Amino acid sequence: MSKKIMVRKAADNEYLHKDFHGAMNLALEYLRKRFGGGAVRDYLRQYAKSFHAPLTRQLRRRGLGALEDYIKKIYALEGAPVSVRRARDELVFKTRYCPAVQHVRRLKQAVSPLFIETERAVYGAICENTPYIHELVSYDRQTGRSVQRFYLAPRPGAGLRRFSAGRHGRQK
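Right, let's walk through the structure included here. Predicted model, so just to flag it, every value in this text is computed and none were measured. (Residues numbered from 1 in each chain as written. Predicted model: local features only at pLDDT ≥ 70, side-chain atom pairs only at ≥ 80, totals over all residues. Heavy atoms only, no water.)

**A few points about the overall build of the protein chain**
Alright, step 1. When you go through the protein chain residue by residue, the secondary structure sums to six helices and four strands.
Alright, step 2. If you list the helices and strands of the protein chain from N to C, you get α-α-α-α-β-β-α-α-β-β.
Alright, step 3. Long-range contacts, defined here as pairs at least 24 residues apart, represent 55% of the contacts in the protein chain between residues at least 6 apart.
Alright, step 4. Accessible surface computed for the protein chain: about 11900 Å², of which carbon and sulfur atoms make up 52%. (Helix = DSSP H or I, 4+ residues; strand = E, 2+ residues; numbered from the N terminus. Contact = heavy atoms within 4.5 Å. Areas by Shrake-Rupley, 256 points an atom, 1.4 Å probe, with all protein chains shown as cover.)

So, in structure tokens, the structure goes:
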């Protein structure tokens, strides 16, 4: 009798981590109830700085194109629509719903009131030590629908006119 061997790698499987969303929601609630909102934000920032360190490096090296690629990829893997618009120094993306919020609701869990921080704190941490700033323009807590903006931080003093005490600078 011949033996057949099937060889598979994790990469051969469909991307699926929906249970992560439910577990994350429960973890956020645990932290919020026991240690407060600051602990939730600290945890998410620490997580993002570690897990997304390669993305932060790419953002510094390649600019907003790295973030655009990441956002398109992650939403495609989640099977959720996303609209991305990028200009030279700005990237804006819009979602009709957050797949994580949708999954948590399907589990019949109450979505943590701090689930918004999975957007705000995480993307903020990804942008730390880069020339970019993240802004959560709008967020619907029921659906996770959002508009998010990343833009080049203004250089210190950019746009300010230098003041000189020349003929208009002195008063008698």
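Still to come is the rest of the account.
**Here we look at the pairing of strand E1 (residues 82–87)**
Alright, step 1. In this structure, E1 lies alongside strand E2 (residues 90–95), joined through six bridges in antiparallel fashion. Residue pairing for E2: Val82 is matched across the bridge by Thr95. (Pairing = 2+ DSSP bridges.)

**Section: the sheet that holds strand E3 (residues 132–139)**
Alright, step 1. Spatially, four strands are ordered E1-E2-E4-E3 in an open sheet, and the strand pairing comes out antiparallel. Edge positions in the open sheet fall to E1 and E3, since each of these has one partner strand only. If you compare each strand with its neighbour and ignore which way they point, the axes differ by 15 degrees on average.
Alright, step 2. Across the sheet, helix H4 (residues 64–78) is in contact with E1, E2, E3 and strand E4 (146–152); its angle to E1 comes to roughly 170 degrees. (Axes fitted to C-alpha atoms, helices over the stretch in contact; angles between N-to-C directions.)

**What about the environment of Asp42?**
Alright, step 1. With respect to the helices and strands, Asp42 occurs in helix H2 (residues 37–51).
Alright, step 2. Residues Asp42 and Ala125, 83 residues apart in the sequence, show an inter-C-alpha distance of 9.9 Å.

**Examining the pairing of E2**
Looking along a regular strand, one sees the side chains alternate between the two faces of the sheet.
Alright, step 1. Of all the six residues making up E2, five are buried; the element is thus mostly covered by neighbouring parts of the structure.
Alright, step 2. Here E2 pairs with E4 via six bridges, running antiparallel. Bridge pairing in E4 places Val92 opposite Arg149. (Buried < 20%, exposed > 50% of the residue type's maximum accessible area, 1.4 Å probe, protein only.)

**As for the side chain of Gln148**
Alright, step 1. Note that Gln148 resides in strand E4.
Alright, step 2. When its relative accessible area of 0% is taken as the criterion, Gln148 is described as buried.
Alright, step 3. In terms of polar contacts, Gln148 uses its side chain to reach the side chain of His134, at 2.8 Å.
Alright, step 4. One polar contact links Gln148 to Ser146, side chain to side chain, over a distance of 3.1 Å.
Alright, step 5. Those residues in contact with Gln148 that sit more than four places away from it in its chain are Leu91, Val92, Phe93, Glu119, Tyr123, His134, Glu135, Leu136 and Val137. (Polar contact = N/O pair within 3.5 Å; in protein donor to acceptor, adjacent residues only side chain to side chain.)

**Observations concerning the pattern of salt bridges**
Pairing of side chains with opposite charge becomes possible as their charged atoms draw close.
Alright, step 1. Taken as a whole, this structure holds twelve salt bridges when the rule is applied.
Alright, step 2. Between Glu29 and Arg32 there is a salt bridge, with the nearest N and O atoms lying 2.7 Å from each other. One end of the pair, Glu29, and the other, Arg32, are both in helix H1 (residues 18–35), three residues apart, so they sit about a helical turn from each other.
Alright, step 3. Residue class for Glu29 comes out buried when judged on its relative accessible area of 14%.
Alright, step 4. One continuous salt-bridge network, built from bridges that share partners, spans Arg85, Glu90, Glu135 and Arg149. (Salt bridge = Lys/Arg side-chain N within 4 Å of Asp/Glu carboxyl O.)

**Topic: the packing of helix H3 (residues 53–62) against H4**
Alright, step 1. Taken N-terminus to C-terminus, the directions of H3 and H4 make an angle of 135 degrees; their axes are 6 Å apart at the nearest point. Considering their axes alone, H3 and H4 lie oblique with respect to each other. Taking contact as the criterion, the partners of Leu55, Gln58, Leu59 and Arg62 in H3 are, on H4, Leu64, Gly65, Ala66, Leu67, Asp69 and Tyr70.
Alright, step 2. Residue composition of the contact of H3 with H4, grouped by class: six nonpolar, two polar and two charged. (Parallel < 35°, antiparallel > 145°, perpendicular 65-115°, else oblique. Nonpolar A, V, L, I, M, F, W, Y, C, P; charged D, E, K, R; others polar.)

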